[in-house]
Amino acid sequence: MKIAINFITLLVALICFQCASPEDTREVIILKKDWKFNKGSHPDAKAIDFNDTDWESVTVPHDWAIYGPFDKEIDKQSIAIVQNGEEVATEKTGRTGALPYIGEGWYRNVFSLDNFDSNKKVLLLFEGAMSEPEVFLNGHKIGEWKYGYSYFYFDITKHINGTNKNTLAVKLTNVGKSSRWYPGAGLYRNVSIIVKNNESFNQWGTFITTPSVTADEAKVNIKTKITGNDLRLVAEIYDNGGTLVNTIESTTSINNEFEQNIKIKKPNLWSPESPYLYTAILKLYNGTILKDEIKQRFGIRTIDYSPDTGFSLNGEIRKFKGVCLHHDLGPIGTAVNKSALRRQLKILKDMGCDAIRSAHNMPSLEQLELCDEMGFMFLAESFDEWKKPKVENGYNRFFDEYAEKDIVNLVRATRNHPSIVMWSSGNEVPDQWGSEGVKRAKWLQDIFHREDPTRPVTVGMDQVKAVMESGFGAIMDVPGLNYRVHLYEEAYERFPQGFLLGSETASTVSSRGIYKFPVEKASMKTYDDFQSSSYDLEYCSWSNLPDDDFVLQDDKPWVIGEFVWTGFDYLGEPTPYDEAWPSRSSYFGISDLAGLPKDRFYLYRSRWNTEDETLHILPHWNWEGREGETTPVFVYTSYESTELFLNGESLGVQEKNDSSPQHRYRLMWMDVKYEPGTLKVVAFDNDGNPVAEKEVKTAGEPYQIVLDPDVKTLKANGEDLAFVTVSVVDKDGIPCPTATNQLNFEVIGKGSYRAACNGDPTSLELFHLPTMKLFSGKLVVLVQSTEEPGDIELRVSGDQLKTGILGIKSINLPEL
């Protein structure tokens, strides 16, 4: 029997504590500046009078390990990776990125509360601290946490020194063999002080749903937990233009919780295509005195999971076109940065992606805010490990004590985001075997349901045979399969839900701009240069090619979508070169570590982006020494047929067909003989008319540096980033795809050089130093604003190259 999972309609809200409330009700102080940091053991650093003058001055968010150096001895592990099917332990050198995250580190900050009085309550909020944080205030230990990805807070009211100076000290401890990828190190997400009245809204205490939504009206249900007695709550709803839509007042709370129902007429629904956000302002009064006020953005939308229709958003059937993302941001490490996240999402949006899976941990709040704004559905994941270990010192050490607390904090902190449409309680956990694992799966799922009855729960399951036998897969709201495309049919028949999700797919590997011959499908293929071919035919022992997933998504209505591993390369896990130094970052990404699209980007774009034309040729056409040799040409396109020309001579028309998964989604000329010159492809519409063309030309020697920024204006806040793509062209302006010139970077004016990245997974050049080699003719330079508006100039130079010069404006913009 197939059981439908019909979750109630949800209106979700994004709690925004930085709001325009009166100063005497609530103040949020984000502790970004004036931090002192030192890596090492400093047991006396918790003391108020500890001398930290020689410590490094840093801003938070901060990742202490990203500055390197790379070292193969760091976290070198002798292990058999069970998830990869390995049975014999071998030495793994770059598994966690080969960066110095291991060890103890201390942060100190001295702050004052100007408006503090005895009627105030003070919370200290951490959005992530890697890892095992111990927190001290004015010499007293106020608490600790374990999971580096979790959000948590402490009530520090009794330890505050009034309006005098307060000394905050945080000890972090990272041990080896605690991760399968680069985890980062430090206070890598925001730390905030929340000062409010005792009579106030509880932290993460508001939950908004809509029991019903029609084209004419939405019924908004607001549950709000508060502290205090004899209070009244006023809720005001505004549209995205700031016009008041409706308001409601309540005077009765039960067990310190208000429940309100408010109508929105002709609601605008949230979706990836139209991410409409309303704003709610909640005001808490004692009589006529305003005691607390919070501001929220929210979106109205419905979700449904059914064996009859699969997944529906706002009543429309659709499939997830998703990617998995690790939390590092390439050359700036794990230190969260909103402009870096926004750039990632813009790249994915252009590809046609509409969903993100946070793999394999809690997402940053900034990422969720951007997904709300830009229109991405979100699968919010919690753990990579339960009770049974994958790595010796992983989350298994904390599971019994912390799993429920971590889930509760995840759900309560983020359940009001319209982007989140599903939770995940785990990824490829060894607990998939046996009855104890089934019990743990149900226990965790029940916690999610208790905290949020509006969304389903999944687990990324890779041991598909085991979960079919044990009943593990049958109890999940949404059965998520990681790879195992050959078992989809059997799993669909065995599981009762009536649908499957590709919770993790493909794991195809490639290096941007690198092509290997002969061109053939291969599993775990390695080469002497430690790169993988960008013909996109190489994969891993447990995985498959994108086309195999496309067939299932297109032909099986009961497959509700996929999350590709991964949207971007990330630090660590350099499969298939886990045992090969100096490989230190992944090859899985659709775009590389610098955020530069690989060829595979256009394969997904040709299928996912249904609004824009895709016409892409590979490989590049600089093959000195291969004259006369077979050099296949692939075209990734949204058109069904194209004709290929080499130096004006037609090499024939290719049309997509069903003879193989590759022929269904790619156009391939396998017998092209290389000769320098011009490759041209002409695309035809369904009537056979030529409608588009692209060319790739053989380049001469590198001559000039070209700079292409993702933005031309920065916000003068000391955090905003411009990502400048740097390439070289010959004297005729033709890109040089094999250039490896060493380049130097200089930033002058009201900005600074932040980092650079070339996307080479074997490069040991440090990101923060102002010099780097091109990889496959490109790299990316990050320019950061200061807090002063004005002009910024980036100069990029190299021997025997014409210097590239770029101007960027930095301006003051009002905070939203």
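Residues numbered from 1 in each chain as written. Predicted model: local features only at pLDDT ≥ 70, side-chain atom pairs only at ≥ 80, totals over all residues. Heavy atoms only, no water.

(A) Examining the pairing of strand β3 (residues 35-39) more closely. Note that β3 and strand β4 (residues 56-58) share 3 bridges and pair antiparallel. Paired with Lys36 across the bridge in β4 is Ser57. (Pairing = 2+ DSSP bridges. Helix = DSSP H or I, 4+ residues; strand = E, 2+ residues; numbered from the N terminus.)

(B) A look at the pattern of salt bridges. Under the definition given, this model contains 52 salt bridges. The salt bridge partner of Asp384 is Lys390, with a shortest N-O separation of 2.8 Å. Here Lys390 falls in the buried class, since its relative accessible area comes to 11%. Close ionic contact of Glu436 with Lys439 constitutes a salt bridge, the shortest N to O distance being 3.6 Å. Of the two residues, Glu436 and Lys439 both sit in helix α4 (residues 434-451), 3 residues apart, roughly one turn of that helix. With relative accessibility at 42%, the residue Glu436 sits in the partly exposed group. (Salt bridge = Lys/Arg side-chain N within 4 Å of Asp/Glu carboxyl O. Buried < 20%, exposed > 50% of the residue type's maximum accessible area, 1.4 Å probe, protein only.)

(C) Broad picture of unusual backbone geometry. That bond from Met130 to Ser131 is cis: its omega, -10 degrees, falls within 30 degrees of zero. Along the chain, Ser131 falls in the loop between β8 (120-126) and β9 (134-137). A cis geometry characterises the amide bond from Thr575 onward to Pro576, with omega recorded as 10 degrees. Assignment of secondary structure puts Pro576 in the loop between β33 (559-565) and α9 (599-608). Look at Arg484: it is not a glycine, yet its phi comes out positive at around 60 degrees. By the secondary structure assignment, Arg484 is in the loop between β29 (478-482) and α7 (488-494). Owing to a relative accessible area of 16%, Arg484 belongs among the buried residues under this scheme.

(D) Representation of the packing of helix α3 (residues 399-414) against α4 within the structure. Running from N to C, α3 and α4 cross one another at 30 degrees; their axes reach a closest spacing of 9 Å. One way to sum up the angle between α3 and α4 is to call them roughly parallel. Taken as a pair, α3 and α4 cross one another with a handedness that is right-handed. Packed against α3, whose contacting residues are Phe399, Ala403, Glu404, Ile407, Val408, Leu410, Val411 and Arg412, the element α4 presents Arg440, Trp443, Leu444, Ile447, Phe448, Arg450 and Glu451 at the interface. Tallied by class, the residues present in the contact of α3 with α4 amount to 10 nonpolar, no polar and 5 charged. (Axes fitted to C-alpha atoms, helices over the stretch in contact; angles between N-to-C directions. Parallel < 35°, antiparallel > 145°, perpendicular 65-115°, else oblique. Left-handed = near helix turned anticlockwise from the far one by under 90°. Contact = heavy atoms within 4.5 Å. Nonpolar A, V, L, I, M, F, W, Y, C, P; charged D, E, K, R; others polar.)

(E) How the structure looks around the sheet that holds strand β38 (residues 667-669). The strand order β34-β35-β38 describes an open sheet built from 3 strands, whose pairing is antiparallel. Both edges of this open sheet fall to β34 (615-618) and β38, since each of them pairs with a single strand only. Within the sheet, the average angular offset between the axes of one strand and its neighbour, ignoring direction, is 15 degrees. Relative to strand β35 (residues 633-637), β34 is paired through 4 bridges, and the arrangement is antiparallel. Looking across to β35, one finds that His616 is bridged to Tyr636. Sheet contacts for α9: β34 and β35; angle to β35, the most-contacted strand, approximately 40 degrees.

(F) A look at the packing of helix α1 (residues 338-351) against α9. Interhelical geometry of α1 versus α9 gives an angle of 55 degrees and a closest axis separation of 8 Å. With respect to α9, the axis of α1 lies oblique. Every residue of α9 that contacts α1 at Ile347, Asp350 and Met351 is listed here: Phe601, Tyr604, Arg605 and Trp608.

(G) Highlighting the pairing of strand β19 (residues 278-286). With 8 of 9 residues buried, β19 lies mostly within the body of the structure. Sheet topology places strand β16 (residues 232-238) next to β19; 7 bridges connect them, and they run antiparallel. Across the sheet, residue Leu233 finds its bridge partner in β19, namely Leu284. Pairing of β19 with strand β20 (residues 289-301) involves 9 bridges; the strand directions are antiparallel. Bridging across to β20, Lys283 finds its partner in Glu293.

(H) Focus on helix α2 (residues 365-374). The element α2 is largely enclosed, with a buried count of 8 among its 10 residues. For α2, the set of buried residues is Leu365, Glu366, Gln367, Leu368, Leu370, Cys371, Asp372 and Met374. Immediately downstream of α2, the backbone of Gly375 shows phi near 90 degrees, a positive value.

(I) Highlighting the confidence of the model for the protein. Per-residue pLDDT for the protein averages 95, and the proportion of residues at 70 or more is 97%. For the stretch residues 1-22, pLDDT sits under 50, and the model shows 98 contacts to residues farther than four places along the chain or on other chains. (pLDDT = per-residue confidence, 0-100.)

(J) Looking closely at helix α8 (residues 546-555). Residues of α8 that are buried include every one of Pro546, Asp547, Asp549, Phe550, Leu552 and Gln553, and no others. Elements in contact with the buried residues of α8: α7, β30 (500-506), β33, α9 and α10 (661-665).

(K) View of the environment of Lys32. Its location among the elements puts Lys32 in the loop between β2 (26-30) and β3. Residue Lys32 is classed as partly exposed on the basis of its relative accessible area of 22%. The spacing of Lys32 and Val191 is 159 residues in sequence and 7.5 Å in space, taken between C-alpha atoms. The contact partners of Lys32, leaving out residues within four places of it in the chain, are Val58, Thr59, Val60, Pro61, Asn190 and Glu719.

(L) The packing of aromatic side chains, seen in detail. Tallied over the full model, the rule gives 44 aromatic pairs. When the centroid spacing of 5.6 Å and the interplanar angle of 50 degrees are considered together, the rings of Tyr147 and Phe383 count as tilted. Here Phe383 lies in the loop between β26 (377-381) and α3 and Tyr147 lies in the loop between β10 (140-144) and β11 (152-155), a separation of 236 residues in the sequence. For the pair Tyr147 and Phe383, a shared accessibility class is recorded, and that class is buried. Between Tyr492 and Trp558, the ring centres sit 4.1 Å apart and the planes meet at 5 degrees, which makes this aromatic pair stacked. A residue pair is termed long-range when its members are at least 10 positions apart, and Tyr492 in helix α7 and Trp558 in the loop between α8 and β33 qualify at 66 residues. Take Tyr492 and Trp558: they sit in the same class, and that class is buried. In textbook terms, an aromatic cluster arises when at least three aromatic residues are bridged by ring pairs, as seen for Tyr147, Tyr149, Phe383, Tyr395, Phe398, Phe399 and Trp443. We note Arg232 situated over the ring of Tyr285; from NZ or CZ to the ring centre the distance is 4.3 Å. When the ring centre of Phe645 is taken as origin, the NZ or CZ atom of Lys680, which lies over that ring, is 5.5 Å away. (Phe/Tyr/Trp six-rings, centres within 6.5 Å; stacked < 30°, edge-to-face > 60°. Lys NZ or Arg CZ within 6 Å of the ring centre and 35° of its normal.)

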